[in-house]
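# What the coordinates show
Chain residues, written in single-letter form:
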Amino acid sequence: MSLTEETPSAEEDRRWLVIKGRRWRRTDPALPEELVTALKSHLGRGRSGVAAGKKTGDAERVTASRKRVGLAKTGLGERGPYWWELPEAQRISAAKAALTELDALDPEDETASQ
């Protein structure tokens, strides 16, 4: 189904977001808000790191920051397996695992986030 051919169903609207004609996967709505907030914090930091690394030509920083972005987006359900095809408990567990891995990237911040 093309988005221009038919009006998307309510289910499709829940799964996808269209920005400038491009379809993006939405964050898993089953994730607890505090988990989403923590993952989005890492996502923002990762995106900032990518931009800063590109600006200074620091390829190592870009690579590390892209890893952070990828982990955060996977935790949010925006990458990886489609969240709507997995059991809710598995999705929440995967998001928590992604957050644990992200927190481990910054050991000094780990105690502050708990």
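Just so you know, these numbers come straight off a predicted model, no measurement behind them. (Residues numbered from 1 in each chain as written. Predicted model: local features only at pLDDT ≥ 70, side-chain atom pairs only at ≥ 80, totals over all residues. Heavy atoms only, no water.)

## Quick word on the overall build of the chain
Scanning the chain for helices and strands turns up 5 helices and 2 strands. Mapped in sequence order, the helices and strands of the chain form the string α-β-β-α-α-α-α. Residues counted as buried form 32% of the 114 residues belonging to the chain. Here the contacts in the chain between residues at least 6 apart in sequence split such that 60% fall between residues at least 24 apart. (Helix = DSSP H or I, 4+ residues; strand = E, 2+ residues; numbered from the N terminus. Buried < 20%, exposed > 50% of the residue type's maximum accessible area, 1.4 Å probe, protein only. Contact = heavy atoms within 4.5 Å.)

## Structural notes on the packing of aromatic side chains
Per the stated rule, a full pass over the model turns up 4 aromatic pairs. With centroids separated by 6.0 Å and ring planes inclined at 75°, the aromatic side chains of Trp 16 and Tyr 82 adopt a geometry described as edge-to-face. Here the residue Trp 16 occupies a position in strand β1 (residues 16–19), and Tyr 82 occupies one in the loop between α3 (59–76) and α4 (88–104), the gap between them amounting to 66 residues. Exposure remark for Trp 16: the relative accessible area of 14% places this residue in the buried category. When the centroid spacing of 5.5 Å and the interplanar angle of 70° are considered together, the rings of Trp 16 and Trp 84 count as edge-to-face. Taken as a pair, Trp 16 in strand β1 and Trp 84 in the loop between α3 and α4 lie far apart in primary sequence, 68 residues in all. (Phe/Tyr/Trp six-rings, centres within 6.5 Å; stacked < 30°, edge-to-face > 60°.)

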